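Below, each chain spelled out in residue letters.
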Amino acid sequence: MNRTLVFATALAAGLATTNLFAQAPAAPAAAPAAAAVAPQAIPAKVAIIAFEQVVVATNEGQRAVAEVQKKYEPKKSQIETQGAEVDSLKKQLQALPASASDEQRASLIKSIDVKDKALQRDAEDAQNSYQSDLQEAFGKVEQKVGQTAVKYAQDNGFTLLLNRSGNPQVPDPILWFAQTTDISQAVVNAYNTSSGVAAPAPSAPSAVHHTTPSAAPKK
């Protein structure tokens, strides 16, 4: 049985928002009350963004993934070695002749059980640590990308920015949108330019894999 780590991440999506209902400081008693500003209707210009995928697609986001993956390569190798040892013991158990003693059989079964439980425990601990480190790394990038996304929307006259999941496994709150309103790639380009982080050099596929939602536009 080949046991390997399932490295996955579920990145938190969304932009930092200002609390519109925050309590304002009390005005001095002698000061007149400020005149209420009536809400004003304006023509809507809506933009769509797959925010999770934008963070992943930026040069800095890719670099963050690569750094965390590199950190956990030794742990993955350790888990694979443990899995191979358990598999070997199971094959030995299956290959025992009918003449093997009960003690010998029981010893193998006990060894398999102990090592298999250790494998499961180590794999789970490593996966949780990997996800935590990846979340932390992306959280730092995510805040900066969010600022770029909002600035891009403002600079281009958009009045509303909606986030779509972009992940076929996650229900998308947006049923349909025109492709011309999707600013995801434009924000990636804008952030890469402003961050100054170079694109990662092409490399052989890493033995450690992470799962990210699909960045394909919704049709």
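Residues numbered from 1 in each chain as written. Predicted model: local features only at pLDDT ≥ 70, side-chain atom pairs only at ≥ 80, totals over all residues. Heavy atoms only, no water.

**With respect to the overall build of the protein**
This is how it is decided: Only DSSP runs of H or I with at least four residues qualify as helices, and only runs of E with at least two residues qualify as strands; both kinds are numbered from the N terminus onward. Throughout, exposure labels follow a simple rule: accessible area from a 1.4 Å probe, protein chains only, divided by the maximum for the residue type, with under 20% read as buried, over 50% as exposed, and the rest as partly exposed. Per-residue and other accessible areas were derived by the Shrake-Rupley procedure at a 1.4 Å probe size, with only the shown protein chains allowed to occlude residues.
Regarding its fold elements, the protein presents four helices and two strands. Beginning at the N terminus, the succession of helices and strands in the protein can be written as β-α-α-α-β-α. Counting across all 219 residues of the protein, residues that qualify as buried make up 32%. Looking at the protein as shown, the accessible area adds up to about 14,200 Å², and 57% of this sits on carbon and sulfur atoms.

**Points about a nonpolar patch on the surface**
Note the threshold: The patches described consist of residues with a relative accessible area above 30% and no salt bridge, like charges being joined within 9 Å and nonpolar side chains (Val, Leu, Ile, Met, Phe, Trp, Tyr) within 5 Å. When a carboxyl oxygen of Asp or Glu is within 4 Å of a side-chain nitrogen of Lys or Arg, the pair counts as a salt bridge.
A cluster of nonpolar residues, V46, L160 and L162, forms a patch on the protein surface that exposes about 200 Å² of accessible area. Mapping L160 onto the fold places it in strand β2 (residues 160-163).

**Focus on the packing of helix α2 (residues 59-95) against helix α3 (residues 102-155)**
Heads up, the rule is: Axis geometry follows a simple rule: fit a line to the C-alpha atoms, using only the stretch in contact for helices, then measure angles between N-to-C directions, giving values from 0 to 180 degrees. Angle categories: roughly parallel below 35 degrees, roughly antiparallel above 145, roughly perpendicular from 65 to 115, and oblique for all the rest.
Relative orientation of the contacting elements α2 and α3 amounts to 175°, with a least axis distance of 9 Å. Comparing the axis directions of α2 and α3 gives the class roughly antiparallel.

**Quick notes on the side chain of T148**
As a reminder of what qualifies: Throughout, a residue-residue contact means that at least one pair of heavy atoms, one from each residue, lies within 4.5 Å.
Here T148 is to be found in helix α3. Take T148: its relative accessible area is 16%, and that puts it in the buried class. Aside from chain neighbours lying at most four places away, what touches T148 is V187, A190, Y191 and S194.

**Some details on the nonpolar core**
Let me state the cut-off plainly: Take the buried residues of types Ala, Val, Leu, Ile, Met, Phe, Trp, Tyr and Cys, join any two whose side-chain atoms come within 4.5 Å, and each joined set is a nonpolar core.
With 23 residues, the main nonpolar core has I49, V145 and V187 as its most contacted residues. Going through the elements one at a time, β1 (46-49), α1 (51-57), α2, α3 and α4 (184-195) are the ones with two or more residues in this core. A total of eight residues in this core trace back to one element, the largest contributor, which is α3. Discounting chain neighbours no more than four positions away, the residues touching I49 are V54, A149, L161, L162, N163, R164, D182, I183, S184 and V187. Formed by five residues, the second largest nonpolar core is a distinct cluster that contains L89, L96, L108 and I112.

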